[in-house]
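Reading the structure
If you want the building blocks of each chain, they are given just below.
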Amino acid sequence: MAMGYRPVDRDQMFLLPPDMREWLPARHFVWFLLAVLDELDVSPFEASRRLGSVGRQGYDPRMLLALLIYAYATGQRSSRRIEDLCVTDVAFRVICAQDVPDHSTIARFRKENREALAALFVQVLELAGESGLGRVGVVAVDGTRIAANASYAANRRRSWLRDQVDQMLGEADRVDAEEDVLFGEDNPSQVAAPWSDPSTRVERIRAALARTEQAAAQAAQAEERRVAARRARVEESVERVAQQRGAAAARWEDYQRRRAEADKQGSPPPTGRPPAPPEQAGGTRRALARLAADQARLADAEAAAAQALSDPAANLTDPDSGWMPTGKGWIQGYNTQLAVSDDQIVLAVKVTNATVDVAQFEPMMTAAMQAADTLNRGRARVGSPPEPVELLLADAGYCSRHNLSVPGPDRLIGTAKRERLETASRTADDAKAAEETDPIQAMKARLATPEGISAYRRRGVTVEPVNGHLKDRHGLRQFSCRGIKAAQAEAELAAATANLLKIWRCRN
């Protein structure tokens, strides 16, 4: 048993100078990241930097980019938090070489290099192809809703905005008149700040209103698409009621015929429980109840669309964002589209303010094929054969006759939720697939086959884990920047980070 405790001497200096290469394991992600950035072309990030003049030296763009990527890899996106970690976290201290940048420098670097981040995403895709990743034979497309850096409480109707503008213009006229009395009509105001210049106040207010009205018009278009989707569901419910009513009527007529024959022959009535009349049958009642619910949702959607068209709303904090439905309610945010390869490499990412996904399939299909070309350029460097996109997978949110028939690779688009597709696949007739001419009915029949439903099952396990990784592992549950262009750059940075982690794990 020891006589005492180990001494704690916080005044003891290092016996030898510390070596940062001993701070992290040799296979740590930071060393891989620094090596990759030394090979990539970062000239777009250097284009905004100014050198050759007097003043304090700026930070190396490669170092700032490495800080951002590693911060997103560990789920840290706050510039202030990154600055703190450069002091307390060994990996961050290695990246910045203990020369800690200010949080404003980090935030400004991220803001000023939106286009460069898109070029970085393409370079990382080429690196993935060179590493043998990015199997694009099967590509899954999906959309996920990510909150904007804005509050739904900041939404305002156009009528309210115009009232505010009228008040501001009236106030501007009053101030101008008072300044003319004080300083004269030909003398400028003593207040020289550009944001209080009366000569430009009207133009700036009108420009702000124009931006909000443009965002409101986009929201109105989203409401119209929502109404169209509700109408399509009502039409399906009407068809389902007719089918259930017809089936119940056939059973009822057959029972009445057999009972009449039994009475005519003096035989006992048919055994078993008699079928219910067509309007009282269980299938008919359930179909009618669903039709009533769909009609009520359609009425609500039409009322919301009418209000959006007559008096549209816009968000004052982030006018580009929209009201997005999620499994836990509605959020003020963006609809972020992802195209993911079979080995979960992010091929394309697109931030939109469209509420529904149906109009995003064709752009994402084009982006996936362009990403395949980028991957093939990387494969060509190591002599690997090119790989084309052979099959696209998407859920029922993308189902439309246009998306099913537009030229492009083969595709499987769900016509209903996964549970209904699985049920249909166990009871369908395989011969129907070749007989259907309507694209939606043909897709229903194809998904009802064992081959079709087996291929479609790959969709969920391909793209949905990537959605979860971006939100949970990389902290992308809410965008830090405002505006759709800034959100697009942030999503591309997160996607490039996820791809780099995949490449690093593959090489280790």
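Everything here concerns the structure above.
Here's what I pulled together on the structure shown here. (Residues numbered from 1 in each chain as written. Predicted model: local features only at pLDDT ≥ 70, side-chain atom pairs only at ≥ 80, totals over all residues. Heavy atoms only, no water.)

**So, a positive patch on the surface**
- On the surface, a cluster of positive charge is made up of R233, R290, K417, R420 and K444.
- Position of R420 relative to the elements: it lies in helix α13 (residues 418–427).
- On the basis of relative accessible area, R420 is assigned to the partly exposed category, the value being 41%. (Patch = residues over 30% accessible without salt bridge, like charges linked within 9 Å, V, L, I, M, F, W, Y side chains within 5 Å. Areas by Shrake-Rupley, 256 points an atom, 1.4 Å probe, with all protein chains shown as cover. Salt bridge = Lys/Arg side-chain N within 4 Å of Asp/Glu carboxyl O. Lys, Arg positive; Asp, Glu negative; His and termini not counted. Charge placed at Lys NZ, Arg CZ, Asp CG, Glu CD. Helix = DSSP H or I, 4+ residues; strand = E, 2+ residues; numbered from the N terminus. Buried < 20%, exposed > 50% of the residue type's maximum accessible area, 1.4 Å probe, protein only.)

**Regarding helix α17 (residues 484–507)**
- A rise of 1.5 Å per residue sets the reference length of α17, with its 24 residues, at 34 Å; its end C-alpha atoms lie 35 Å apart and thus fit the reference within 8%.
- α17 sits mainly inside the fold: 18 of its 24 residues count as buried. (Expected span 1.5 Å × (residues − 1).)

**Regarding the packing of aromatic side chains**
- In total, this model carries seven aromatic pairs according to the counting rule given.
- Consider the rings of F29 and Y70, whose centres lie 6.3 Å apart with planes at 25°: the pair is stacked. One end of the pair, F29, is in helix α1 (residues 29–39); the other, Y70, is in helix α3 (residues 61–73), and 41 residues separate them in sequence. Considered together, F29 and Y70 belong to a single accessibility category, that of buried residues. (Phe/Tyr/Trp six-rings, centres within 6.5 Å; stacked < 30°, edge-to-face > 60°.)

**Regarding the packing of α3 against α17**
- Contact pair α3 / α17: the axes reach a minimum separation of 9 Å and the direction vectors enclose 75°. The angle between the axes of α3 and α17 places the two elements in the roughly perpendicular class. When α3 is examined against α17, the residues L68, I69, Y72 and A73 are found in contact with a partner set consisting of E490, L493, A494, T497, L500 and L501.
- For the contact of α3 with α17, a count of residues per class yields eight nonpolar, one polar and one charged. (Axes fitted to C-alpha atoms, helices over the stretch in contact; angles between N-to-C directions. Parallel < 35°, antiparallel > 145°, perpendicular 65-115°, else oblique. Contact = heavy atoms within 4.5 Å. Nonpolar A, V, L, I, M, F, W, Y, C, P; charged D, E, K, R; others polar.)

**Examining the nonpolar core**
- Counting residues in hydrophobic clusters, the biggest one holds 99 residues, and the most contacted among them are F29, L65, L347 and L500.
- Tallying contributions element by element places α17 first for this core, with twelve residues. (Core = buried A, V, L, I, M, F, W, Y, C linked by side-chain atoms within 4.5 Å.)

**Quick look at the environment of H474**
- Tracing the backbone through its elements, the reader meets H474 in the loop between α16 (458–473) and α17.
- Residue classification places H474 among the buried positions, given a relative accessible area of 2%.
- Spatially, the C-alpha atoms of H474 and A498 are 8.0 Å apart, while their sequence positions differ by 24 residues.
- With sequence-adjacent residues up to four places away left out, H474 is seen in contact with Y72, A73, G75, R77, H469, T497, A498 and L501.

Geometric values such as these leave the question of function open.
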